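Chains, contacts and geometry: an overview
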Amino acid sequence: SKLSKERLLDELKKILNPKILIKISKDRQTLDLIKIIFPELKNNDNFSKINSFAQNFLNEIDFIFLLSTMIIDDTDNIDYFFYKYNLSRKDQIRIKIISDFYKDKRNNRLFTEKNMNKVFYYNGRQAVLDILNYKIIKSKKIDKSLIELCKIYKDKLIPSMPVNADLLMKKYKIQEGKQLGQKLKMIEDEWVKNNFIISDQQVDNIVDS
């Protein structure tokens, strides 16, 4: 109780070591002790029964992802953890993206390349891999489709939208301003929804709508 929050977080990083995590997860006495010190780690027994594939890639996973698997739940637990400990803004956003994805009940069955492309485009490669790995860690059985998706996004490049403001201003005579921004956003949403493909006719329809 006399240790600083910075020191506690530093010690937590040592505890959440992939090499000893599975062993710790099977030791009830150790888990109980950790829960007393870090009550926010509500899922600290996650790794006691993980599938064989997850065990194999555990050494590749970093502290922030491991932390996310332990503090994300259906409450405001992660917000309290952020308040209590000095995580960087970047790390907070990373955990928040995972949490928000799984809190949205519509995402429960959306593990397809088309839907992951939306996450990829708006949030980046790390976000997609975190979301997929989170599901893999939490699943009792090995889902080969998730593993294949991970392989796809490890090398995939974020595409550039083929339509820009200059094109809309020159071809469709749209003046710079609010309407231009709205049309660009509508075109972007349609392009992302269609797996990064959009036809000239689709652009025409959006501009004329």
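Going by the structure above, here's the rest.
Described in the following lines is the structure provided in the data block. Keep in mind the model is a prediction, meaning the values are calculated, not measured. (Residues numbered from 1 in each chain as written. Predicted model: local features only at pLDDT ≥ 70, side-chain atom pairs only at ≥ 80, totals over all residues. Heavy atoms only, no water.)

1. Some points on the overall build of the protein chain
Per the secondary structure count, the protein chain includes 13 helices and zero strands. Along the protein chain, helices and strands appear, N-terminal first, in the series α-α-α-α-α-α-α-α-α-α-α-α-α. Against the globule reference of 17 Å for 209 residues, the protein chain gives a C-alpha radius of gyration of 21 Å, more extended than a compact globule. The principal-axis extent of the C-alpha atoms belonging to the protein chain is close to 70 × 40 × 25 Å. The contacts of the protein chain with a sequence gap of at least 6 include a subset with a gap of at least 24, amounting to 64%. Summed over its atoms, the accessible surface of the protein chain is roughly 12,700 Å², and 50% of this surface lies on carbon and sulfur atoms. Looking at the protein chain, you have 39 positive and 29 negative side-chain charges, and the mean spots of the two groups are 4 Å apart. (Helix = DSSP H or I, 4+ residues; strand = E, 2+ residues; numbered from the N terminus. Rg over C-alpha atoms; globule rule 2.2 N^0.38 Å. Contact = heavy atoms within 4.5 Å. Areas by Shrake-Rupley, 256 points an atom, 1.4 Å probe, with all protein chains shown as cover. Lys, Arg positive; Asp, Glu negative; His and termini not counted. Charge placed at Lys NZ, Arg CZ, Asp CG, Glu CD.)

2. Notes on the packing of aromatic side chains
Scanning all chains against the criterion turns up 12 aromatic pairs. Aromatic pair Tyr102 and Phe111: ring centres 6.3 Å apart, planes at 35°, arrangement tilted. An identical accessibility class is assigned to Tyr102 and Phe111; each is buried. By way of ring pairs, the aromatic residues Phe101, Tyr102, Phe111 and Tyr134 are connected into one cluster. (Phe/Tyr/Trp six-rings, centres within 6.5 Å; stacked < 30°, edge-to-face > 60°. Buried < 20%, exposed > 50% of the residue type's maximum accessible area, 1.4 Å probe, protein only.)

3. Comments concerning the packing of helix H8 (residues 113-123) against helix H12 (residues 178-193)
Put simply, H8 and H12 touch, their axes get as near as 9 Å, and they point 135° apart. Here H12 runs oblique to H8, going by the angle between their axes. On H12, the residues touching Lys114, Lys118, Tyr121 and Tyr122 of H8 are Lys185, Glu188, Asp189, Trp191, Val192 and Lys193. Classifying every residue of the contact of H8 with H12 by side-chain character gives four nonpolar, no polar and six charged. (Axes fitted to C-alpha atoms, helices over the stretch in contact; angles between N-to-C directions. Parallel < 35°, antiparallel > 145°, perpendicular 65-115°, else oblique. Nonpolar A, V, L, I, M, F, W, Y, C, P; charged D, E, K, R; others polar.)

4. Considering the pattern of salt bridges
Taken as a whole, this structure holds 13 salt bridges when the rule is applied. Between Glu148 and Lys151 there is a salt bridge; the shortest N-O distance is 3.4 Å. With Glu148 and Lys151 both in helix H10 (residues 144-155), this residue pair falls three residues apart, about one helical turn. Residue classification places Glu148 among the partly exposed positions, given a relative accessible area of 41%. The network of salt bridges with shared partners includes Arg7, Asp10, Glu11 and Lys14. (Salt bridge = Lys/Arg side-chain N within 4 Å of Asp/Glu carboxyl O.)

5. Some points on the side chain of Thr69
Assignment of secondary structure puts Thr69 in helix H5 (residues 63-71). What makes Thr69 buried here is its relative accessible area of 0%. Leaving out residues up to four positions away in the same chain, Thr69 has contacts with Asn43, Asn46, Phe47, Tyr134, Ile137 and Lys138.

6. Let's talk about a nonpolar patch on the surface
A surface patch of nonpolar side chains, about 310 Å² in accessible area, is lined by Leu33, Ile36 and Ile37. Summarising the element assignment, Ile37 is placed in helix H3 (residues 28-37). (Patch = residues over 30% accessible without salt bridge, like charges linked within 9 Å, V, L, I, M, F, W, Y side chains within 5 Å.)

7. Brief notes about the nonpolar core
Ranked by size, the top nonpolar core spans 51 residues in total, and within it Leu12, Leu67, Phe81, Ile95, Met116 and Leu132 carry the most contacts. Considering each element in turn, this core owes the most residues, eight residues, to helix H9 (residues 125-138). When sequence neighbours within four positions are dropped, the list of residues in contact with Leu12 reads Phe38, Leu41, Phe63, Leu67 and Phe81. Ranked by size, the runner-up nonpolar core spans 15 residues in total, among them Leu168, Ile174, Leu184 and Ile198. (Core = buried A, V, L, I, M, F, W, Y, C linked by side-chain atoms within 4.5 Å.)

Without other data, these values stay purely geometric and don't point to any function.
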